[in-house]
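Fold and geometry: a report
So you can see what is in the structure, the chains are spelled out below.
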Number of protein chains: 2
Amino acid sequence: MSLRYLSARLAQQIDDELMSAAGAFSLDQLMELAGLACAQTLAKVYSSDKYNRVLVCCGPGNQGGDGLVAARHLSMFGYKPTIYMPKLGSKDIYQRLHTQCKNMSIPTLSEGEESLRTTLKSSDVILDAIFGFSFKGPIRPPFDSALPMLSESGLPIVSVDIPSGWDVEAGNEAGVGLTPDVLVSLTAPKEGVRMFRGQHFLGGRFVPRTLEEKFQLNLPVYPGYEQIVDITEATQKL
Amino acid sequence: MSLRYLSARLAQQIDDELMSAAGAFSLDQLMELAGLACAQTLAKVYSSDKYNRVLVCCGPGNQGGDGLVAARHLSMFGYKPTIYMPKLGSKDIYQRLHTQCKNMSIPTLSEGEESLRTTLKSSDVILDAIFGFSFKGPIRPPFDSALPMLSESGLPIVSVDIPSGWDVEAGNEAGVGLTPDVLVSLTAPKEGVRMFRGQHFLGGRFVPRTLEEKFQLNLPVYPGYEQIVDITEATQKL
């Protein structure tokens, strides 16, 4: 039984069920575990002694919230994260997560392309938490100019759930998305990343068995008490 | 610089600061990370193949909430937890955490000594999340009879933050507390566990550096991206 790839609709439905009255999860809980998994994935592949300076790129949605949580954990792990978040989401939780980062002395870039350009020159790796599975093109400003800058930096990129600019189902057909080296899928991989050929992890170890069976996710076995599992081989059988 | 042991007042003050408007953490977030650390500590010491059946004992306060989170994660790790929680706390969060456990098909014991006695006979290890740092004796029913039953079971015990029945500052002077094999302190160890001589872990890797310095906690370095660190040696220098 192979891993199931999720459509945007199915991914949304699973999130909705987890956070329904019956599922009983709060967004705070799920975002904390998701963001922790993202930070651990980056730390697993890029050691803090060689890749200390992490540019954490956050969009205005839940994906950006995962990024803020990840930035905080990366700081606890000994990295020096910097946040690029040109549009702070309006939900109360983003404000709180951002305050938590500020309390950890994690800087946030000032607006404008110049500060992004300068910071890219003094970064070692990028965590891409800009667009999530509810993204629909075209890419709007300021991200339409930011994405090419991230690509052209030549820095290694770790993308969260779906590489920014990719359609959650059609993938990078339009060719305007990032090309990450590492991907951390959350809950289950999305349709659009079938053709992803980098190192692939899964996080979001919080799906009850009943939900897994209902949606036939066929999730892999996580090792021990880990919050992430390497699914590179499982997803790239030739 | 050695680890600081916290008084009840200081432990409360740190929790309050973390969850103040300035600290910006929600109880959901901190409890999720604390409970995950508890589950990981148990999993680190007691492997799921030999110690599969975990009796998770929860009190009516925040400590019990940590226990419910831990039960859920233990289930994800492949353990078969059973919850003993004779008094469910009234806060909304406990109800939600308990629902999450029920959704994972984790059973909760029915009331009465008999079900506890029977279940102890078919358990491999106990997670003690009954009383936390705000506990003040004497031990009230039904815990006054439950604690001796847990002790007499002879099962290995992992205690959360402060072994149940111990005074957070005076320790087990009264001699009515549990004698755990493993302790997982949260945020920083409490005064009362200075004389604890089992395997000692620290969890709660979320204290900002500024807060750590303000309270001179002198926290140890956690390994890599781990959420727990073994502080047995650091706390038991002869």
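All of these numbers come straight from a predicted model, not from anything done at the bench.

Calculation notes
- Residues numbered from 1 in each chain as written.
- Chains lettered and ligands numbered in written order.
- Predicted model: local features only at pLDDT ≥ 70, side-chain atom pairs only at ≥ 80, totals over all residues.
- Heavy atoms only, no water.
- Buried < 20%, exposed > 50% of the residue type's maximum accessible area, 1.4 Å probe, protein only.
- Helix = DSSP H or I, 4+ residues; strand = E, 2+ residues; numbered from the N terminus.
- Pairing = 2+ DSSP bridges.
- Contact = heavy atoms within 4.5 Å.
- Buried area = accessible area lost by both parts, 1.4 Å probe.
- Salt bridge = Lys/Arg side-chain N within 4 Å of Asp/Glu carboxyl O.
- Polar contact = N/O pair within 3.5 Å; in protein donor to acceptor, adjacent residues only side chain to side chain.
- Nonpolar A, V, L, I, M, F, W, Y, C, P; charged D, E, K, R; others polar.
- Axes fitted to C-alpha atoms, helices over the stretch in contact; angles between N-to-C directions.
- Least-squares fit on C-alpha atoms with pLDDT ≥ 70 in both.
- 1 Å grid on protein atoms, 1.4 Å probe; cavity = no way out; pocket = protein on both sides within 12 Å on 5 of 7 lines; lining within 4 Å.
- Points joined across faces, edges and corners; volume = space filled by probe spheres on them.
- Expected span 1.5 Å × (residues − 1).
- Parallel < 35°, antiparallel > 145°, perpendicular 65-115°, else oblique.
- Left-handed = near helix turned anticlockwise from the far one by under 90°.

A regular strand places its side chains on the two faces of the sheet in alternate fashion. All names here are of chain B. In terms of burial, strand β5 (residues 182-186) is a largely internal element, five of the five residues being buried. Of the two faces of β5, the one carrying Val-182, Val-184 and Leu-186 and the one carrying Leu-183 and Ser-185 are both buried. Pairing geometry for β5 and strand β6 (residues 199-203), over five bridges, is parallel. Bridge pairing links Leu-183 to His-200 in β6.

Residues and elements named next belong to chain A. The omega torsion of the bond from Gly-137 to Pro-138 falls at 0 degrees, within 30 degrees of zero and hence cis. Locating Pro-138 in the fold gives a position in the loop between β3 (125-129) and α6 (143-152). In this structure, the amide linkage connecting Pro-141 to the following residue, Pro-142, adopts the cis form with an omega of 0 degrees. Looking at the secondary structure, you find Pro-142 in the loop between β3 and α6. The backbone of Asp-161 shows a phi angle near 70 degrees, a positive value even though the residue is not glycine. Given a relative accessible area of 3%, Asp-161 falls into the buried group.

Contacts between the two partners involve 33 residues from chain B, matched on the other side by 33 residues from chain A. Here chain B packs against chain A, burying approximately 2800 Å² in sum over the two surfaces, 57% of which is carbon and sulfur. Linking chain B to chain A there are zero salt bridges. Across the contact surface, chain B and chain A share 18 residue pairs in polar contact (both at pLDDT 80 or more). For the side of chain B that touches chain A, the elements supplying multiple residues, two or more each, are α2 (27-45), α3 (62-76) and α4 (92-103) of chain B. Per-element accounting of the side of chain B that touches chain A gives the leading share, eight residues, to α2(B). Split by residue class, the side of chain B that touches chain A holds 15 nonpolar, eleven polar and seven charged.

As a further point, take the sheet that holds strand β2 (residues 80-84) of chain A. All names here are of chain A. Reading across the sheet, the seven strands line up as β2-β1-β3-β4-β5-β6-β7 and stay open at both edges, with mixed pairing between neighbours. The sheet is open, and its two borders are formed by β2 and β7 (228-230), each paired with just one other strand. Strand-to-strand twist in this sheet, taken as the mean axis angle between neighbours without regard to direction, amounts to 20 degrees. The sheet contact formed by strand β6 (residues 199-203) and β7 spans three bridges and is antiparallel. Of the residues in β7, the one forming a bridge with Leu-202 is Val-229.

Moving on to the relation of the copies chain B and chain A. Least-squares fitting of chain B to chain A yields an RMSD of 0.0 Å, with the transformation described by 0.0 Å of translation along the axis and a rotation of 180 degrees. Viewed as a symmetry operation, the transformation between the two copies matches a two-fold axis. When you check the interface residues of chain B against chain A, 100% turn up at the interface there too, and the contact is symmetric in its surfaces.

Glancing now at empty space enclosed by the protein. Following the criterion strictly, the structure yields one cavity of 30 Å³ or more and no others. Volume-wise, the largest cavity comes out at about 50 Å³. Lining the largest cavity are A:Gln40, A:Tyr225, A:Glu226, A:Gln227, B:Gln40, B:Tyr225, B:Glu226 and B:Gln227. Among the residues making up the lining of the largest cavity, the classes are represented as two nonpolar, four polar and two charged.

Take the side chain of B:His73 next. For B:His73, the location among the structural elements is in helix α3. Only 2.8 Å separates the side chain of B:His73 from the side chain of B:Glu32, close enough to count as a polar contact.

All names here are of chain B. A rise of 1.5 Å per residue sets the reference length of α3, with its 15 residues, at 21 Å; its end C-alpha atoms lie 22 Å apart and thus fit the reference within 8%. Most of α3 sits out of view: 14 of its 15 residues are buried. Directly after α3, the chain includes Gly-78, whose backbone phi takes a positive value near 100 degrees.

Another aspect to go through is the packing of helix α5 (residues 113-121) of chain B against helix α6 (residues 143-152) of chain B. Residue and element names in this part refer to chain B. It is at 11 Å that the axes of α5 and α6 come closest, and there the two elements cross at 15 degrees. As judged from the angle between their axes, α5 and α6 are roughly parallel. Classified by chirality, the crossing of α6 by α5 is right-handed. Seen from α5, the contacting residues are Glu-113, Leu-116, Arg-117 and Leu-120; seen from α6, they are Ser-145, Ala-146, Met-149 and Leu-150. Its residues placed into classes, the contact of α5 with α6 shows five nonpolar, one polar and two charged.

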